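Secondary and tertiary structure notes
Chain by chain, the residues run as shown.
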Amino acid sequence: MLRQSIIVTAGALALTLGGHRLLPELGGFTPVLESLLPWLGVVVPVLLVGALATRSWQVILAALVPATVWGLMFGPTLLRSPPGGPSDLSVATLNVGATNADSADAMRTVSRDRDLVAVQELTAGGPAAKVLNDRFPYRYRIATVGLWSRFPIAEARKADIGLDWARALRAVVVTPKGRLTVYVMHLASARPGQTAQRDETLSYARRMVDRDDSEHLLLLGDLNTATTDRKRSGLVPPLSDAQQEAGTGFGFTWPASFPVTRPDHILYRGMVATRAGVERAAGSDHRAAVASLRLAA
């Protein structure tokens, strides 16, 4: 029974890892599974220990199959080194949390030495915005999302992501290296069995990116879409992911106490990511996603 259980479990795990995009969405449950996909690797050591206990080479080889698949999928992420080099922008994005009593401290930490800071779940007249207003000369805010900049904002407006309330904006920032179009978005939430509205907002975001002919484009925000979620493939490509290009590790941002997935993203085009990472933010249930970028010539 032990041998059969290990072989069956190993086969199912390998197929789930390698073929997750072929699985039916099952009413929105599969994208949630995909959000936690790297964590399926915790089953591998258990299988290997059980396989060794059987002293059967066939069972041991079966247990090595999902280990190999996981290593091929996620090994490069764990072994990647930031490219480094000069950068023109230091950026951060944070879902600060609407009920965060420590939002001022969170923004003091996250905004330090940044050129652009995007924030989601802002509260009207809250301390987070006041801290950022004191630190940055330029800003644009609409409802619960905002962008603060060290560089002039030439134009700004609400961006439509298909929701009845404003949760996205588009701004053009004039940097020393040229104009940069910046989107800040907080897409609809995704929960088990409830991903339809999130998927619709993702479609709106993709259409905006496709219509926008800006040479340098940056998308910051809480997209409620993990790096391994099949639906994010609508944005990456055509955009690149700063964490995937220049970060170390998975860069999980949620929940802050023990991050298991990454709904917060820094996506771009017409630039080169030189560094990327994650920072703690006091009181928020998210960690901040941060990156340094260089505008491509």
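The structure displayed is predicted, hence computed values, not measured ones.

Conventions adopted
Residues numbered from 1 in each chain as written. Predicted model: local features only at pLDDT ≥ 70, side-chain atom pairs only at ≥ 80, totals over all residues. Heavy atoms only, no water. Pairing = 2+ DSSP bridges. Helix = DSSP H or I, 4+ residues; strand = E, 2+ residues; numbered from the N terminus. Axes fitted to C-alpha atoms, helices over the stretch in contact; angles between N-to-C directions. Contact = heavy atoms within 4.5 Å. Buried < 20%, exposed > 50% of the residue type's maximum accessible area, 1.4 Å probe, protein only. Right-handed = clockwise from strand over helix to strand, strands pointing away. Parallel < 35°, antiparallel > 145°, perpendicular 65-115°, else oblique. Left-handed = near helix turned anticlockwise from the far one by under 90°. Nonpolar A, V, L, I, M, F, W, Y, C, P; charged D, E, K, R; others polar. Phe/Tyr/Trp six-rings, centres within 6.5 Å; stacked < 30°, edge-to-face > 60°. Lys NZ or Arg CZ within 6 Å of the ring centre and 35° of its normal.

**Some points on the sheet that holds strand S11 (residues 271–279)**
On the basis of which strands lie adjacent, the open sheet formed by 6 strands has the order S3-S4-S2-S1-S12-S11 and mixed pairing. Two strands lie at the open edges of the sheet, namely strand S3 (138–142) and S11, each paired on one side alone. On average, adjacent strands in this sheet sit at an angle of 15 degrees to one another, irrespective of strand direction. Judged from the 5 bridges that link them, S3 and strand S4 (residues 145–149) form a sheet pairing that is antiparallel. Pairing of Tyr 140 across the sheet is with Leu 147, part of S4. The strands touched by helix H5 (residues 103–110) within the sheet are strand S1 (89–95), strand S2 (116–120), S11 and strand S12 (288–295), with S1 carrying the most contacts at an inclination of about 160 degrees. Sitting on the sheet, helix H6 (residues 127–135) touches S2, S3 and S4, and the angle it makes with S4 is about 20 degrees.

**A short note on the sheet that holds strand S10 (residues 264–269)**
The 6 strands lie next to each other as S5-S6-S7-S8-S10-S9, forming an open sheet whose pairing is mixed. With partners counted over all chains shown, the strands left at the sheet margins are strand S5 (153–158) and strand S9 (240–241), one partner each. In this sheet, S10 lies alongside strand S8 (residues 217–222) in antiparallel orientation, the contact comprising 6 bridges. In the strand pairing of S10, Leu 220 is matched with Ile 266.

**Quick look at the pairing of S2**
Along S2, 5 of the 5 residues are buried, which leaves the element largely enclosed by surrounding structure. Burial along S2 is two-sided: the face carrying Leu 116, Ala 118 and Gln 120 and the face carrying Val 117 and Val 119 are both buried. Examined bridge by bridge, S1 and S2 share 5 bridges and lie parallel to one another. By the bridge assignment, Thr 93 is partnered in S2 with Ala 118. After leaving S1, the chain enters H5 and then returns to the sheet as S2, a path that is right-handed. Note: S2 against S4, 5 bridges, orientation antiparallel. Across the sheet, the residue bridging to Ala 118 is Leu 147, located in S4.

**Some words on the packing of helix H1 (residues 2–18) against helix H3 (residues 43–54)**
Running from amino to carboxyl end, H1 crosses H3 at an angle of 150 degrees, the nearest separation of the two axes being 10 Å. Taken as axis vectors, H1 and H3 run roughly antiparallel relative to one another. Crossing of H1 over H3 shows left-handed handedness. Within the contact between the two elements, H1 uses Leu 2, Arg 3, Ile 6, Thr 9, Ala 10 and Leu 13 and H3 uses Val 43, Val 44, Leu 47, Gly 50, Ala 51 and Thr 54. Broken down by class, the residue content of the contact of H1 with H3 amounts to 8 nonpolar, 3 polar and 1 charged.

**Some details on the packing of aromatic side chains**
Evaluated as defined, the whole model comprises 5 aromatic pairs. On the basis of an interplanar angle of 55 degrees and a centroid distance of 5.4 Å, the ring pair of Trp 70 and Phe 74 is categorised as tilted. Of this pair, Trp 70 and Phe 74 both sit in helix H4 (residues 57–79), 4 residues apart, which is roughly one turn of the helix. On the basis of relative accessible area, Phe 74 is assigned to the buried category, the value being 5%. Taking 5.1 Å as the distance between ring centres and 5 degrees as the angle between the ring planes, the aromatic pair formed by Phe 250 and Phe 252 counts as stacked. Among the residues examined, Phe 250 registers a relative accessible area of 21% and is labelled partly exposed. Members of the aromatic cluster, connected to one another through ring pairs, are Trp 39, Trp 70, Phe 74, Phe 250, Phe 252 and Phe 258. Here the basic side chain of Arg 207 rests over the ring of Tyr 204, its NZ or CZ set 4.7 Å away from the ring centre.

Keep in mind these values describe shape, not function.
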